[in-house]
Amino acid sequence: MPALRVYPQQSPLKGEIMAPGDKSISHRAVMLAGLSEGESHVRRWLPAGDTQATLQAMRAMGVEIAVEQAAQGRTAQAWDLRIVGRGLHGLQAPAGRLDCRNAGTCLRLLAGIMVGQRFESVLDGSEQLRKRPMRRIVEPLRAMGAQIEDDEGHAPLCISPAALQGVTYRMPVASAQVKSALLLAGLYAQGETRVWQPGPARDHTERMLQAMGVSVTVDGDWISLQPRHAGQPLQPLNLVVPGDISSAAFVLVAAAIVPHSQVVIQNVGLNETRTGLLALLRTMGADFIVGNRHMSGGEPVGDLTATFGELHSVEAGGDVVVRAIDELPIWAVAASQAAGDSVLRDAAELRVKEVDRIGRLVGELRRMGLPVTECQDGFVVEGTARPRGAEVDSFGDHRLGMALAVAGLVADSPTTIVGGDCVADSFPGFEETMQKLGARMEWVS
Ligand code: S3P
């Protein structure tokens, strides 16, 4: 299993990079373009392990997807795609199981689409994905009339054709994947689909559906999708995928904690449902500037200039946790270099991500000598201690792997991240990007 070795950083990180495309938007763009009628153009699409599972699944159902250009860009890997949509009812039965690999977004969103098809399908994935909870989508989809057989609340999901009706559903946790699965099923349902969210879960599905001509309205915490008039197609997409703030987060925190660094990250998506880490870092006294604000693909985007600075502790809980849900592992690394005790609460959802991101993160940071204490719904990080170089494990979780790599930059000796190759699930070329900024990272077997 390839391991990523990270050496203590002797010089500041400097330079300008382009953030890789947003993973959430890349999944949605391929699915929805495939359901539209006509030709979509999706530029700067993210060719990561997770999103390629979605691309293969849509191809397996007859959607024609051509990679028009594969750009190495200024570090970020990006593809320009031409997608010929088959319409809401034009997908073909796949020859076998749809393999969602490690991607929860792929499986949960596709489930919302598959329940509306006139053929049977099986959604499956890696051992890691098979461990993740699916009842959160299966139960509300069944309430819409969907026919789904699961394995005691887990994948594989066997889906059979059924007539769907709209529902009113109050989500017990703020989950964009659950919300999106219901809205996508709502495209095939009779009557209105209404979803209530207990916190600001990312709203990319709502924005993209609106851009394609679907009537989606947002009223406070309620999201409603009106049934489609017979024969009314989804309009094709023409978009440039914004950069992923969840990937930019690793570079941003690296620049904030490696002395005298200054890094510009171009083209970062700044959708308010995703900027919790920026809010937390600002409260901690981090020095960064957001410039060149503009809209791209119906989403706010800008360039971030991140600079090293003294950080102090912060307490994180409530909505900001939802807005920073994927950034909490790297936030813990920032907190370890901030004066005082930082506390995370209201984050029990972290336990059902790619791995238990509370238990595993705390375990690996402690292996690096950092004083971190696990709580049921979060953790406490005592700053400031210098991490010890150590052999640590990603446990197959891309964000855990990258967070440990950034911690390794400020460690006292080299750090080896076993199973580091999983970084490509969301950030292909992570190590090259860091090398371009002056970091020393290499693959060892
Ligand atoms: C995602 C939603 C979030 C997030 C995941 C991507 C999405 O998951 O953690 O990485 O693209 O909809 P939940 O819906 O489980 O909160």
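Source: prediction; values computed, not measured.

### Some thoughts on the site of the ligand
No. 1: The environment of the ligand is formed by Ser24, Arg28, Thr105, Ala174, Ser175, Ala176, Gln177, Arg202, Ile325, Asp326 and Lys353.
No. 2: Side-chain polar atom of Ser175 to an oxygen atom of the ligand: 2.7 Å apart, as the coordinates give it.
No. 3: Note that an oxygen atom of the ligand is positioned 2.7 Å from one of the side-chain N or O atoms of Asp326.
No. 4: Surface burial for the ligand is 95%, taken as the share of its 390 Å² of free accessible area covered by protein chains.
No. 5: Contributing elements (two or more residues each) for the shell around the ligand: helix H1 (23–35) and helix H6 (176–186).
No. 6: Residue composition of the shell around the ligand, grouped by class: three nonpolar, four polar and four charged.
No. 7: No fewer than three residues from each of domain 1 (3–20 + 242–444) and domain 2 (23–240) sit in the shell around the ligand.

### Observations concerning the domain arrangement of the chain
No. 1: Along its sequence, the chain is organised into domain 1 (3–20 + 242–444) and domain 2 (23–240).
No. 2: Computed from C-alpha coordinates alone, the two centres of domain 1 and domain 2 are separated by 28 Å.
No. 3: Listed as interface residues are 40 residues of domain 1 and, on the opposing side, 30 residues of domain 2.
No. 4: Note on domain 1 versus domain 2: buried area summed over both sides is about 2,900 Å², and carbon and sulfur give 47% of it.
No. 5: Our count for the domain 1 to domain 2 interface comes out at three salt bridges.
No. 6: Ionic pairing is found between Asp326 and Arg202, a salt bridge with its closest N-O pair at 3.1 Å.
No. 7: The set of elements that each furnish at least two residues to the side of domain 1 that touches domain 2 consists of strand S2 (14–18), strand S17 (262–269), strand S19 (299–307), helix H10 (319–323), helix H13 (398–409) and helix H14 (430–436).

### A few points about the environment of Glu64
No. 1: With respect to the element layout, Glu64 can be found in strand S4 (residues 64–71).
No. 2: Residue Glu64 is classed as partly exposed on the basis of its relative accessible area of 45%.
No. 3: For Glu64, the residues in contact, after removing those within four places along its chain, are Arg82, Ile83 and Val84.

### With respect to the nonpolar core
No. 1: In terms of nonpolar packing, the biggest core is built from 78 residues, with Ile265, Trp331, Phe379 and Phe430 touching the most fellow members.
No. 2: Of the residues forming this core, the biggest block, 10 residues, is contributed by helix H8 (residues 245–257).
No. 3: For Ile265, the residues in contact, after removing those within four places along its chain, are Ile17, Ala19, Ala248, Val251, Leu252, Gly302, Asp303 and Leu304.
No. 4: Counting 69 residues, the second-largest nonpolar core is a separate cluster that includes Cys106, Leu107, Val178 and Leu234.

### Some points on the packing of helix H5 (residues 135–143) against H6
Two measures define how a pair of helices packs: the angle their axes make with one another and the distance between the axes.
No. 1: It is at 9 Å that the axes of H5 and H6 come closest, and there the two elements cross at 30 degrees. Put simply, H5 runs roughly parallel to H6. H6 is crossed by H5, and the crossing has right-handed handedness. Residue-level contacts link Arg136, Ile137, Pro140 and Leu141 of H5 to Gln177, Val178, Ala181, Leu182 and Ala185 of H6.

### Details of the packing of aromatic side chains
No. 1: Here the structure, examined in full by the defined rule, presents four aromatic pairs.
No. 2: Aromatic side chains Phe250 and Phe430 sit 6.4 Å apart centroid to centroid with 80 degrees between the ring planes, which places their arrangement in the edge-to-face category. Note that Phe250 is positioned in helix H8 and Phe430 in helix H14, a separation of 180 residues in sequence.
No. 3: On the basis of relative accessible area, Phe250 is assigned to the buried category, the value being 1%.
No. 4: Between Phe427 and Phe430, the aromatic rings sit 5.5 Å apart at their centres with planes inclined by 70 degrees, giving edge-to-face as the arrangement. When sorted by exposure, Phe427 lands in the same class as Phe430, which is buried.
No. 5: Within the aromatic cluster, the residues linked to one another by ring pairs are Phe250, Phe427 and Phe430.
No. 6: Looking at Arg194, its charged tip hangs above the ring of Trp222, at a distance of 4.2 Å from the centre.

Conventions we followed
Residues numbered from 1 in each chain as written. Predicted model: local features only at pLDDT ≥ 70, side-chain atom pairs only at ≥ 80, totals over all residues. Heavy atoms only, no water. Near = heavy atom within 4 Å. Polar contact = N/O pair within 3.5 Å; in protein donor to acceptor, adjacent residues only side chain to side chain. Areas by Shrake-Rupley, 256 points an atom, 1.4 Å probe, with all protein chains shown as cover. Helix = DSSP H or I, 4+ residues; strand = E, 2+ residues; numbered from the N terminus. Nonpolar A, V, L, I, M, F, W, Y, C, P; charged D, E, K, R; others polar. Domains from an automatic or database assignment. Contact = heavy atoms within 4.5 Å. Buried area = accessible area lost by both parts, 1.4 Å probe. Salt bridge = Lys/Arg side-chain N within 4 Å of Asp/Glu carboxyl O. Buried < 20%, exposed > 50% of the residue type's maximum accessible area, 1.4 Å probe, protein only. Core = buried A, V, L, I, M, F, W, Y, C linked by side-chain atoms within 4.5 Å. Axes fitted to C-alpha atoms, helices over the stretch in contact; angles between N-to-C directions. Parallel < 35°, antiparallel > 145°, perpendicular 65-115°, else oblique. Left-handed = near helix turned anticlockwise from the far one by under 90°. Phe/Tyr/Trp six-rings, centres within 6.5 Å; stacked < 30°, edge-to-face > 60°. Lys NZ or Arg CZ within 6 Å of the ring centre and 35° of its normal.

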